[in-house]
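Given next are the chains, with one letter for each unit.
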Amino acid sequence: MMDVTEIQTILPHRYPFLLIDRVTELELGASLKAYKNITIAEPVFLGHFPGHPIYPGVMIIEGMAQAGGVLAFKSLTLQNGMNLDDKVVYFMSIDGAKFRSPVRPGDKLEYEISVLKNKGVVWALEGKAYVEGKLVAEAKLTAMIVDK
C-alpha cells in the first residue's frame, strides 16, 4: 500500500533511523499495519550484542512510534485536508511497554497500530509488534502533531 519512498514523504527519518519499510494496511483514523525487515546489516548490531545480535526494544518502540506517525499524518491529511508540510509528530508518552520475545536478524517485524483516542492533534495509540504471528512487544503511545 505504501513503500519506503512514500513513507519518506511523510516522516523526516532517514537511514539508519527510518524503522519501517512498508505500510501494508491503512484505515484512516483507526489502524495501520507496517513492517520492517531486520537484517544483520543494521548498524545497531555492531554493539547489541556482538556474537548474539538482538534488536533493541527501544528500536521496536521507535518503529511503533513511526508507524503511528504515518497513521496520524495520513489521517489528518486525507480526512481533514490539513496541510502537514510544516508539522512534526512529538511523542508525549510511552506506557505499559512490554517485551515478550527477542527479535533477531532475519525476522520480519510486523507492527499493528490502533487508535485508542483522537482529539484534534493529540493521538492515543496502541502498538503491537509481531514476528511470525507471535507477539514480541507492545506499548501504548501518546503523540501530538505540532508546528516545526
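In this report, the structure presented in the accompanying data block is examined. (Residues numbered from 1 in each chain as written. Predicted model: local features only at pLDDT ≥ 70, side-chain atom pairs only at ≥ 80, totals over all residues. Heavy atoms only, no water.)

## Description of the sheet that holds strand β2 (residues 31-37)
Right, so step 1: With respect to topology, six strands assemble into an open sheet ordered β1-β2-β4-β5-β6-β3, the strand pairing being antiparallel. At either margin of the open sheet sits one strand with a lone partner, and together these are β1 (22-27) and β3 (87-99). Taking each pair of neighbouring strands and ignoring which way they run, the sheet shows an average axis angle of 20 degrees.
Right, so step 2: Across five bridges, β1 lies against β2 in antiparallel orientation. The partner of Glu25 across the bridge, within β2, is Lys33. (Pairing = 2+ DSSP bridges. Helix = DSSP H or I, 4+ residues; strand = E, 2+ residues; numbered from the N terminus. Axes fitted to C-alpha atoms, helices over the stretch in contact; angles between N-to-C directions.)

## Comments concerning the environment of Tyr15
Right, so step 1: Along the chain, Tyr15 turns up in the loop between α1 (4-10) and β1.
Right, so step 2: For the pair formed by Tyr15 and Pro43, sequence separation is 28 residues and the distance between their alpha carbons is 9.8 Å.
Right, so step 3: If sequence neighbours within four positions are ignored, Tyr15 has contacts with Ala41 and Pro43. (Contact = heavy atoms within 4.5 Å.)

## Focus on unusual backbone geometry
Right, so step 1: A cis amide bond links Tyr15 with the next residue in sequence, Pro16, at an omega value of 5 degrees.
Right, so step 2: Secondary-structure assignment places Pro16 in the loop between α1 and β1.
Right, so step 3: At the junction of His48 and Phe49, the peptide bond is cis and its omega measures out at -10 degrees in the coordinates.
Right, so step 4: Summarising the element assignment, Phe49 is placed in the loop between β2 and α2 (57-80).
Right, so step 5: Of note, the phi angle at Glu132 is positive, near 50 degrees, even though the residue is not glycine.
Right, so step 6: Given the relative accessible area of 76%, Glu132 is considered exposed. (Buried < 20%, exposed > 50% of the residue type's maximum accessible area, 1.4 Å probe, protein only.)

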